Amino acid sequence: MSRQTNKSQLTSEEKAKRRRIKKANNNIILSMIVLSLVVIGFFSFNIANISLKHSSSSGDTLLVESGNKLSNDLYEIGNNPTDIQKEYFNELTNALEDDDDMKAVEYLVKSFVADCFTWTNKDGNYEVGGLQYLYGPKYTMFQTQMRYEFYADLDLYISQFGRENLLEVDKVETPIVDRAADYVTDGVSYSAYYIEATWTYKPSSKIDVDEFQKQGYFTIIDHDGRYEIVSIYDNWD
Amino acid sequence: MQSKKTSSRKFSSNMVPYNILIAVLITLVDFGIIFLMYSLTQFSNFSKLIFILINIFVLLVLLMINILFIISIKSRKKSIFNTTIILVVIFAMISGYGTYASLKLNKSVGKIVTTGEQQEVVEAAVVAKKDITAVSELDGKTVGIMPGATYTSIGQSNIDNAVTSVDYMEYTDLNSLFTALIADEIDAAIMPSNYSGIFEVVAGYEEALESVATVDVYSDTISVSVDKSEKDITSEPISILVLGVDEGRSDANMLVTFNPISLTITMTSIARDSYVPIACYAGQASDKLGHARVQGIQCTIDTIEDLLDIEIDYYFESNFQGVVDIVDALGGIVINNPYEFTGQNSSDERGHYTVWIPAGENVPVNGEQALAFARERHLYATGDFQRQANQQQVVTSILTTAMRTRDLNKLLNVLDAAGDNITTNITVDQFIDLFNYVMKKTSRIYNQENIESVFNIVGSRVTGYNSSVWSESAQLALSIVRPYEGSIQDNHDAIIRNLNLDSEITAPKSFKWDANWEFYAPTISNETYSEQIIQSETPQSYWCTTTGGTWNGSSCACPAGEFVENKGCVQDSASNYADVTSCQGAGFIWDESTNACVTTCPAGTTSDGKYCHAIKADPSTYASQGECITAGYKWNENMCVASCPTGTDDNDGDGVCKATSNDSATKYTLTVRYAMSDGSKAPETYTGSYAEGESYSVNSPSVSGYTPDVATVSGTMGTSNIDVTVTYKKNESTPDPNETLCKNSGGTWNNGACSCPNGQTWDNTNGCIVKETEEQKCKNNGGEWINGQCVYKSEEQKACETQGGTWSNNTCTCPNGGVWNSGTKACEAAKTEEQLCAEKGGYWYNGSCLTDQNQITCIKGGGVWANSACSCSDPNSTWDGSACVPKQPEGNTGESGGDGNGNQPTLSTYSQNLLENNKLSLIEYIFKNLTFINK
């Protein structure tokens, strides 16, 4: 009521002033709307620009399939495991749970072979398989050696024959699994196991898989409760 | 009450000025943010999704501010207005800082990445001896230039504007240009403005640099373009030339290759002093590799491409300050340094501003220390080669540290540091693509704590040997490194293997491993190669090769027609030869008309390669009978003709055509045959018809160097044909030395040439010699034939091996622990500790070296040293400061000893004591005895 009274009491000069203020504010609001439209326009353009931006990158990388990961208290399966890798890894996990050391070392070697000698799931030379099953203090040396030897030309195999046509371990046999004399390394003596393993590869239409190593003589130690491979020989000589 | 409360929450006054102010602020903020987001879009390849989400979020916030402001105007509510103000201020700060940061970032990136054409300031210096102080003084003078260099054209145009005439003399390389100036071959030279920095590292040039000064410097901005590659660096292997530049030179030259599948990186260092053909020099003249950069980066790229036969895709260049700033921005790096040393910091003042580098493994170092470590070479036996390994270590450590860094601010600081010091032609998008690619790879490796292990970094270097080239102008030998061809090839092969995914597969198909084994990565290049070593250039070898000769290690073989004089091969002079054989043997021509050896036949004669013959003019030009016949034509009826016409003949050989006689029955034939006693070519046989009773006279033709046994065959024709043989003998006065040499060495001299027996070859000095095998040649030149290769050993190495030592790394390891003395070139017996002790003035006693002179005097005097004092072990003796002497009896204060019972010692017992206890010299002994006698 009082407000109405005040309004009615306004002089024409005041009314004109209010109109000017209102008009000015309306102009500001209008400019803000225009500005907002400009902002929307720019960001729409920028988002489209980002989406359509050409990337020169065409190099591919095998994606790690997180849903395909297996692990237990001591080991984790390698990237993009094959079915046989998963099967052996599960057996390894069971053996560890059962405290069955002979079975554990057997499947440890099988898991190693299935990972290290399989190339269909390797992204490049840098991804040497089976490192997690090796003697911890020396796995980097094994990795280095592999990059100069067995894995040295993996880039050429991949580019010349296609990754899917490369080595993939099909089955691993372990005719001999036995305890062995203690193994001494870095001045420490460890209880050891000896395993002979033979394996086969899935056939490939591009490479002769029979030319590659198909047997190995392994020594595994009990390294503070963790079974680790300390030696691998491809023959008896 | 409610109304009052409401009114207190609203503005009652005129808010238009404030609203306008806020509107302006919001507009600025909106546009600031727009600029910021647009600037950052170039990095969106890191993650498109994240960048889109950020854009949407920022858009919503900006719209919210705008809408809030509109609402606050409409409602005039203080709370909304205040909220709007707060948001505007916050975003104004963000946009202000963001704009500043993005501008800085873009500026840094813009400086670093230089693709396509770019503007570069080039400075040309006019350098002259100090007597020339202004370019205007060059009028009529000679200025040396290097054609093709950008600074040359800048300098030339400015000089041409300043003077009316100047002669330009061209040089193929900077060194030749500079030394020509020093040798006063030219009055001034147009050089890069940093010429002083280029040459100050050259041993022996200090004085030369002192003698010249920069007369003027001209600069111009020019467009330069560097070849660039459009390769997808995440799927195709690439090569990057990494250069460390100082004073315009490339001090560090490293060719890096990256294989995106194997993630193998090869780093191949090439010594800056490698003496190689420079691609942009005229005629690809050789120079130190580091000097190529002075001509432009493309010159260095082309030179290394030619050297290694590898195509270079990208380059990455840093100056010294770049290394310092980047390492500091990263918070330091770690290195493995076997020796503690004090080195040079980034300052250009050599010897000043030194920096200490600690020894140890994984030693943390700052920027200056890292740079000093990468520059040090004097500390190492292998000098520049170890420096290259250290440079690779620093690059690897920077890469590793940068990969481990998760601090965005640190990385921005690195970019900032790089901005002023680094340039490359790799684009931002390529960098980001590569970064993303490598990050994806690291997610697959076993040890996530050590993500740099995703790379297999293979370091190598082009090995070579130290040598020198002779600078004739500067009169000094310049130190250079000559790369081994074998090393270049081995590095080429390794690089090609990493770059070419179609390479042949050679990897083994099985392996063995044991935790107790050590694995050492194979090296790409050997330290040395058994190949022909180019000896250090001496003045003689320089003069030989620069005059077209072939230097065989000890002497110069000149091309045919040249011989060795003081300064190399010089053109042989025909005047050196006086006889036909030696003249023709030396490749000259014998002019029969003058009986002289000539290079070219004189006018009016022609050459058949051996002799000059008179060119016969048209017979009609000869008007007299004598001239006609002398020219070899016939005189017929007062006319000179080429041959006698039909019905006439010149059977009598006098050159005059006569009617042919029909009375042939009365004519007989005179045949004069010519033969050379040495079997060389003889003149043509003469045949003439003479009537019975007719006289004949045939002069034997003259043969230079030979004398016929019959000068003229003459007589009267009888009733039968006559056949005479004239034999020429070689003149005694001009024996052919080659003929004698030939015959003496078992050869056969025939037609001015020597035929050597089978298996032998002609040698100008030794005659017929057994053909030299490569092995013999090697040995004759002072080399050793090892495994089918000639190896040249230094005198020092030979001396070392002669003495049973082993030579490696330019030093000798002597047998039996001996020590090599390079001055005497001899293995010397290792010095015993006792000798070493004596050398430093000590005294060897009981297996240790005493240096305290008081102690030495004590021990030598037979005393016992304890607690820094000397005493005597014999209770009856006392220390007199130089020796233990027998104690005096009580009351006796004399110097002589007694027997302890008050008896005076005899001369003999006193002397004996002195001799035994004090080990006196003979003179001291006599002196003491005389003293005793006097007492």
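Preceding block: the structure.
Every residue gets a number counted from 1 within its own chain, in the order that chain's sequence is written. Following the order in which they are written, the chains are lettered starting with A and the ligands numbered starting with 1. The predicted origin of the model limits local features to residues at a pLDDT of at least 70 and limits the giving and counting of side-chain atom pairs to 80 or more, whereas totals for whole chains, interfaces and linings rest on all residues. Neither water nor hydrogens contribute to the side-chain values; these are computed over all heavy atoms in the structure.

### Brief notes about the nonpolar core
Part 1: Core analysis: the biggest nonpolar cluster contains 69 residues, and B:Leu174 and B:Phe178 have the highest contact counts within it.
Part 2: Contacts of B:Leu174, omitting those with residues within four sequence positions, involve B:Met146, B:Tyr151, B:Met191, B:Pro192, B:Ile198, B:Phe199, B:Tyr281, B:Asp287, B:Val294 and B:Gln295.
Part 3: Note on terminology: a nonpolar core comprises buried Ala, Val, Leu, Ile, Met, Phe, Trp, Tyr and Cys residues joined through side-chain atoms within 4.5 Å. For each residue, the accessible area found with a 1.4 Å probe, counting protein chains only, is set against the maximum for its type, and the residue is called buried under 20%, exposed over 50%, and partly exposed in between. With 59 residues, the next largest nonpolar core counts A:Ile77, A:Ala104, A:Tyr201 and A:Ile232 among its residues. Note on contacts: a residue pair is in contact if any heavy atoms of the two residues lie within 4.5 Å.

### Points about the packing of aromatic side chains
Residue and element names in this part refer to chain A.
Part 1: Working definition: a ring pair exists when centres of Phe, Tyr or Trp rings (six-membered ring for Trp) sit within 6.5 Å. Plane angles under 30 degrees give stacked, over 60 give edge-to-face, the rest tilted. Enumeration according to the criterion identifies 32 aromatic pairs over all chains in this entry.
Part 2: Centroid distance Phe 117 to Trp 199: 4.6 Å. Interplanar angle 40°. Geometry classified as tilted. Of this pair, Phe 117 sits in the loop between helix H4 (101-116) and helix H5 (139-148) while Trp 199 sits in strand E2 (residues 188-201), and the two are 82 residues apart along the sequence. Side by side, Phe 117 and Trp 199 carry an identical accessibility label, which is buried.
Part 3: For the pair Trp 119 and Tyr 151, a centre-to-centre distance of 5.8 Å together with 70° between the ring planes defines the contact as edge-to-face. Here Tyr 151 lies in the loop between H5 and helix H6 (154-161) and Trp 119 lies in the loop between H4 and H5, a separation of 32 residues in the sequence.
Part 4: Exposure remark for Tyr 151: the relative accessible area of 0% places this residue in the buried category. Only DSSP runs of H or I reaching four residues or more are called helices, and only runs of E reaching two or more are called strands; each is numbered from the N terminus.

### As for the state of the cysteines
All names here are of chain B.
Part 1: Cysteine sulfurs are considered disulfide-paired once they come within 2.5 Å of each other. Within the structure shown, the criterion is met by 8 disulfides over all chains.
Part 2: Cys 280 shares a disulfide with Cys 299; S-S distance 2.0 Å. With the S-S bond torsion at -75°, the cross-link from Cys 280 to Cys 299 turns out left-handed. Placement of the pair is Cys 280 in the loop between strand E9 (275-277) and strand E10 (286-288) and Cys 299 in helix H10 (residues 297-308), with a sequence separation of 19 residues.
Part 3: Residue Cys 280 is classed as partly exposed on the basis of its relative accessible area, which comes to 33%.

### A closer look at the pattern of salt bridges
Part 1: We count a salt bridge whenever a side-chain nitrogen from Lys or Arg sits within 4 Å of a carboxyl oxygen from Asp or Glu. Throughout the structure, instances matching the rule amount to 29 salt bridges over all chains.
Part 2: With a closest N to O distance of 3.0 Å, A:Asp115 and A:Lys122 form a salt bridge.
Part 3: Classification of A:Lys122 as buried rests on a relative accessible area of 2%.
Part 4: Each member of the salt-bridge network shares a partner with another, and the members are B:Asp246, B:Arg249, B:Asp251, B:Arg272, B:Asp273 and B:Lys288.

### Remarks on a negative patch on the surface
Part 1: On the surface, a cluster of negative charge is made up of A:Asp73, A:Glu97, A:Asp98, A:Asp99 and A:Asp100.
Part 2: Relative to the helices and strands, A:Asp73 is located in the loop between helix H2 (12-52) and helix H3 (83-97). In this analysis, a patch consists of residues with relative accessible area above 30% that form no salt bridge, clustered at 9 Å for like charges and at 5 Å for the nonpolar side chains Val, Leu, Ile, Met, Phe, Trp and Tyr. All accessible areas in this document rest on Shrake-Rupley with a 1.4 Å probe, and a residue is counted as covered only by the protein chains that are shown. Positive residues here are Lys and Arg, negative ones are Asp and Glu, while His and the chain termini are left out of the count. Where a charge sits is defined by one atom per residue type, namely NZ (Lys), CZ (Arg), CG (Asp) or CD (Glu).

### Examining the pairing of strand E18 (residues 464-471) of chain B
Within a regular strand, side chains alternate between the sheet's two faces.
All names here are of chain B.
Part 1: Of all 8 residues making up E18, 7 are buried, and the element is well covered by its neighbours.
Part 2: Two strands pair if DSSP finds at least two bridges between them. Both E18 and strand E19 (residues 476-483) contribute to a ladder of 8 bridges, which runs antiparallel. Of the residues in E19, the one forming a bridge with Ser 467 is Ile 480.

### Observations concerning the packing of helix H2 (residues 16-40) of chain B against helix H3 (residues 48-75) of chain B
In a pair of packed helices, the angle between the axes and the distance between the axes together describe the arrangement.
Residues and elements named next belong to chain B.
Part 1: Lines are fitted to the C-alpha atoms to define the axes, a helix being fitted only along its stretch in contact, and any angle between axes, read from their N-to-C directions, falls within 0 to 180 degrees. Between H2 and H3, the least distance of the axes is 11 Å, while the angle of their chain directions is 175°. Considered as vectors, H2 and H3 are oriented roughly antiparallel to each other. Of the residues in H3, those touching H2 at Asn 19, Ile 22, Ala 23, Ile 26, Val 29, Asp 30, Ile 33, Met 37 and Leu 40 are Phe 51, Ile 54, Asn 55, Val 58, Leu 62, Ile 65, Asn 66, Phe 69 and Ile 73.
Part 2: In this classification, Asp, Glu, Lys and Arg are treated as charged, Ala, Val, Leu, Ile, Met, Phe, Trp, Tyr, Cys and Pro as nonpolar, and every other residue, Gly included, as polar. Each residue belonging to the contact of H2 with H3 can be placed in one class, and the counts come to 14 nonpolar, 3 polar and 1 charged. In what follows, roughly perpendicular refers to angles from 65 to 115 degrees, roughly parallel to angles under 35, roughly antiparallel to angles over 145, and oblique to any angle outside these ranges.

### As for a positive patch on the surface
All names here are of chain A.
Part 1: A contiguous patch of positive charge, built from Lys 15, Lys 17, Arg 19 and Arg 20, is present on the exposed surface.
Part 2: Relative to the assigned elements, Lys 17 resides in helix H2.
Part 3: For Lys 17, a relative accessible area of 44% gives the class partly exposed.

### What about the interface of chain B and chain A?
Part 1: Between chain B and chain A, the residue contacts involve 79 residues of the former and 83 residues of the latter.
Part 2: Accessible area that two parts lose when put together, with a 1.4 Å probe and added across both, is what the buried area reports. A buried area of about 7100 Å², summed over both sides, lies between chain B and chain A, and 61% of it is on carbon and sulfur atoms.
Part 3: On the chain B side of the interface with chain A, the three residues burying the most area are B:Arg444, B:Phe511 and B:Trp513, jointly 16% of the side's total.
Part 4: Two residues, B:Arg497 and A:Asp153, come together in a salt bridge whose shortest N-O distance is 2.9 Å.
Part 5: Throughout this description, a polar contact denotes any pair of N or O atoms lying within 3.5 Å of each other; where both atoms belong to protein, one of them has to be capable of donating a hydrogen while the other can accept it, and for residues adjacent in sequence the pair is counted only when both atoms sit in side chains. Here chain B and chain A share 34 residue pairs in polar contact (both at pLDDT 80 or more) between them.
Part 6: Of all the secondary-structure elements, those providing two or more residues to the side of chain B that touches chain A are H2, H3, helix H15 (428-442), strand E17 (456-462) and strand E20 (513-514) of chain B.
Part 7: Considering only residue class, the side of chain B that touches chain A consists of 39 nonpolar, 24 polar and 16 charged.
Part 8: In terms of strand pairing, strand E4 (residues 226-233) of chain A meets E20(B) through 2 bridges, oriented antiparallel. Looking at the pairing, A:Ile232 lines up with B:Trp513 of E20(B).

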